[in-house]
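# A closer look at the structure
Listed here are the chains, written in short residue letters.
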Amino acid sequence: SSSSGDEALRDRRARLLSRGLPKQKPIEGVKQVVVVASGKGGVGKSTTAVNIALALAANDSKKEVGLLDADIYGPSIPKMMNLKGNPELTPKNLMRPLKNYGIACMSMGFLIEETAPVVWRGLMVMSAVEKLLRQVDWGELDYLVIDMPPGTGDVQLSVSQNIPIAGAVMVSTPQDVALLDARKGAEMFRKVHVPVLGLVQNMSVFQCPKCKHETHIFGSDGVRELAKTLELDILGDVPLHVNIRETCDSGQPVVISQPQSDA
C-alpha cells in the first residue's frame, strides 16, 4: 500500500540522517550538564550562568559543580569568577580547571591573553570547543553548567549533538528584539531534542535607588508571555540592579558576595 511505502521511505530517510549525526558521549566524570543560552548577546547570560553555578553549590554543599565557558570569542567567566592563569596539565595531558568559590572553571580566557582577540574561522572554534569538552580533567561533578555563546550556530549544535544534556535554560530581557531570538534559541534546542527547562527574564525592572520609582526599561513581562506561548516555565525574574552588575564585574558574583540581598 502507499501508506506502508511512505513509512518505509521515512524510516530510510531517518536512518540516512542519523548516520551523519555524531554519537553522544558523556563527559567523563560529569553526571548532569545544564546549558545556559540566549538567542541574543548582552542579555545577561553569563551573569546568569555564573550565579546558577554558585547557587547549585550553595544549595547543597555535598554537590560538586563545574562551569564551562563555551563562548570562544567573548569569554567572560575568568573575570566574573576572579580567575587568572593557565591550567596545569595532568600526567594524562588533560587540563586541570581553575577553581574559585568551590567551582571548577574552564574557559578559552585561560588559554589566551586577556586583551587578545580570537580571530579564528569556524573549524578552529569547533576544535577549541572539543578540547574544552573532552581534554579537561573535571574530576567528579554532579553538575556542569555550560555558558553558551549567543545565537544558534555551530557551537550550540556541536555541544547539543556531542554530549547528553539534562536541560537548557534560556535567558532574555523583555525587549521584543531579544524575545525573537530567545524563541529561535528555544526552538533550536527542541529540534535537537534537548529539554528546555524554562526561561529567565533578566533586567525586568529598574528601581531608582533614590525615589524607588520602578521603570520597565526593556518592557514588561515579555518573557512571561513568550513562556506561555512556548508552554515553558519562568525560572526567575531578575531586576536590572547595579549590585548584580558590580559584583560580577569585580569577580564576586552576587550569590556568593551578597546572598541575603534582594538581588
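Check the entry above for the structure.
Overview of the structure.

Basis of the calculations
- Residues numbered from 1 in each chain as written.
- Predicted model: local features only at pLDDT ≥ 70, side-chain atom pairs only at ≥ 80, totals over all residues.
- Heavy atoms only, no water.
- Helix = DSSP H or I, 4+ residues; strand = E, 2+ residues; numbered from the N terminus.
- Rg over C-alpha atoms; globule rule 2.2 N^0.38 Å.
- Buried < 20%, exposed > 50% of the residue type's maximum accessible area, 1.4 Å probe, protein only.
- Lys, Arg positive; Asp, Glu negative; His and termini not counted.
- Charge placed at Lys NZ, Arg CZ, Asp CG, Glu CD.
- Pairing = 2+ DSSP bridges.
- Axes fitted to C-alpha atoms, helices over the stretch in contact; angles between N-to-C directions.
- Contact = heavy atoms within 4.5 Å.
- Polar contact = N/O pair within 3.5 Å; in protein donor to acceptor, adjacent residues only side chain to side chain.

## Describing the overall build of the protein chain
Counting secondary structure elements, the protein chain contains nine helices and 10 strands. Here the C-alpha atoms of the protein chain give a radius of gyration of 20 Å, agreeing with the 18 Å that 2.2 N^0.38 yields for 263 residues. C-alpha extents for the protein chain along the principal axes are approximately 75 × 50 × 40 Å. The buried share of the protein chain, reckoned over its 263 residues, is 43%. Distance between charge centroids for the protein chain: 5 Å, based on 29 positive and 29 negative side chains.

## A closer look at the sheet that holds strand S5 (residues 141-147)
Strand order in the open sheet formed by eight strands is S3-S4-S2-S5-S1-S6-S7-S10, and the pairing between neighbours is mixed. In the strand order of this sheet, the two ends are held by strand S3 (98-100) and strand S10 (234-238), each with one partner. The mean inter-strand angle of the sheet, taken between neighbouring strand axes irrespective of direction, is 25°. Sheet analysis places strand S1 (residues 30-37) next to S5, joined by six bridges and oriented parallel. Across the sheet, residue Val-33 finds its bridge partner in S5, namely Leu-144. Packed onto the sheet, helix H7 (residues 222-230) meets strand S6 (167-172), strand S7 (196-202) and S10 and runs at close to 160° relative to S7.

## Considering the side chain of Thr-247
Its location among the elements puts Thr-247 in helix H8 (residues 242-249). With a relative accessible area of 6%, Thr-247 lands in the buried category. A distance of 2.7 Å separates a polar side-chain atom of Thr-247 from the backbone oxygen of Asn-243. Apart from the residues lying within four places of it in its own chain, the contact partners of Thr-247 are Gln-252, Pro-253, Val-254, Ser-257 and Gln-258.

Geometric descriptors of this kind do not, in isolation, establish any biological role.
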